[in-house]
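# Fold and contact review
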Amino acid sequence: METKIIKRYHERLTPDNAVLLLIDHQVGLLTGVRDIPVAELKHNVVALAKAVTVLGVPIIVTATSPEMWGPIIPELIDALPEISIINRTTVNAFDEPRFAKAVEATGRKKLIIAGVSTEVCLAFPAIHATSSGYDAYGVIDASGTFSETKRITGLLRMVQAGVIVTDYSTVAVEMLKDNASPKAGPLYGALDMPFAGLVGQLAEAFAKGR
């Protein structure tokens, strides 16, 4: 068991072994988010979706009871115009057979997961995935919840269960691997990090000898 856990934490994410699961980024749920500014949360989840698209990583989007919690945020729909959303009623996304089959069909074992709320929509499927033999990566700054207590307890429960916690830009640059890649520019542009934009401008200036 110890060797298996060590391997899980040390293996790299790559565009060939990962899939992105975006769970319940719905308008109604985002209205209650209090642990991260809603505008920042929207930015991060959309940037993550755009970045993994640059890398060719598959994406699965699901919504729970949209008649209750509203549609997926329009910014994410705009970023993924071809995406087919899996609507469900289950609390844990993996309890919906269509979602579980969609994940299995990718053939990927490393699941990058973000959701609203952190302690339910992210934590429940991440813990389930870990117990089912997947490596689950919880993207904390592309997730959000309704109080600091919920954020802390959700994080603790995931860590206790062996979920790997991370952030939206780190998973993307880990999969990029090499800044010399032709995908580096589009990826950093998708991540939309102000300091990265400045670094890109500096690199461009050096390349022109100025």
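Okay, so let's go over this structure. Everything numeric here is computed off the predicted structure, so don't read it as measured data.

Before going further, it helps to spend a moment on the pattern of salt bridges. Two side chains with opposite charge may pair up if their charged atoms get near one another. Counting across every chain of the model gives 7 salt bridges. Linking R88 and D24 is a salt bridge whose minimum nitrogen-to-oxygen distance equals 2.8 Å. Within this pair, whereas R88 is found in strand β3 (residues 85–88), its partner D24 is found in the loop between β1 (18–23) and α2 (27–30), the two being separated by 64 residues in sequence. Between D135 and K110 there is a salt bridge; the shortest N-O distance is 2.8 Å. Here D135, found in strand β5 (residues 135–139), pairs with K110, found in strand β4 (residues 110–115); they are 25 residues apart in sequence, far enough to count as distant. Residue D135 shares its accessibility class with K110, and that shared class is buried. Here the salt bridges share partners, and the residues they tie into one network are E11, K110 and D135.

What follows covers helix α9 (residues 168–176). For α9, the set of buried residues is Y168, S169, V171, A172, M175 and L176. An end-on view of α9 places all buried positions within 165° of arc, on one side of the element. Those residues of α9 hidden inside the fold are in contact with β1, α3 (38–55), β4, β5, β6 (164–166) and α10 (184–191).

Conventions adopted
Counting starts from 1 at the beginning of each chain's written sequence and moves along it residue by residue. Note on the predicted model: pLDDT of at least 70 is required for a residue's local features to be given, and 80 or more for side-chain atom pairs to be given and counted; whole-chain, interface and lining totals, by contrast, use all residues. The side-chain values count all of the structure's non-hydrogen atoms but skip hydrogen atoms and water molecules. Definition used for salt bridges: Asp or Glu carboxyl oxygen within 4 Å of a side-chain nitrogen of Lys or Arg. Each helix corresponds to a stretch of at least 4 residues labelled H or I by DSSP, and each strand to a stretch of at least 2 residues labelled E; elements are numbered beginning at the N terminus. Buried means the residue's accessible area, taken with a 1.4 Å probe over protein chains only, is under 20% of the maximum for its type, while exposed means over 50%, and partly exposed covers the values in between. The directions from the helix axis to the C-beta atoms are what the arc is built from. In this analysis, two residues are considered to be in contact whenever any of their non-hydrogen atoms come within 4.5 Å of each other.

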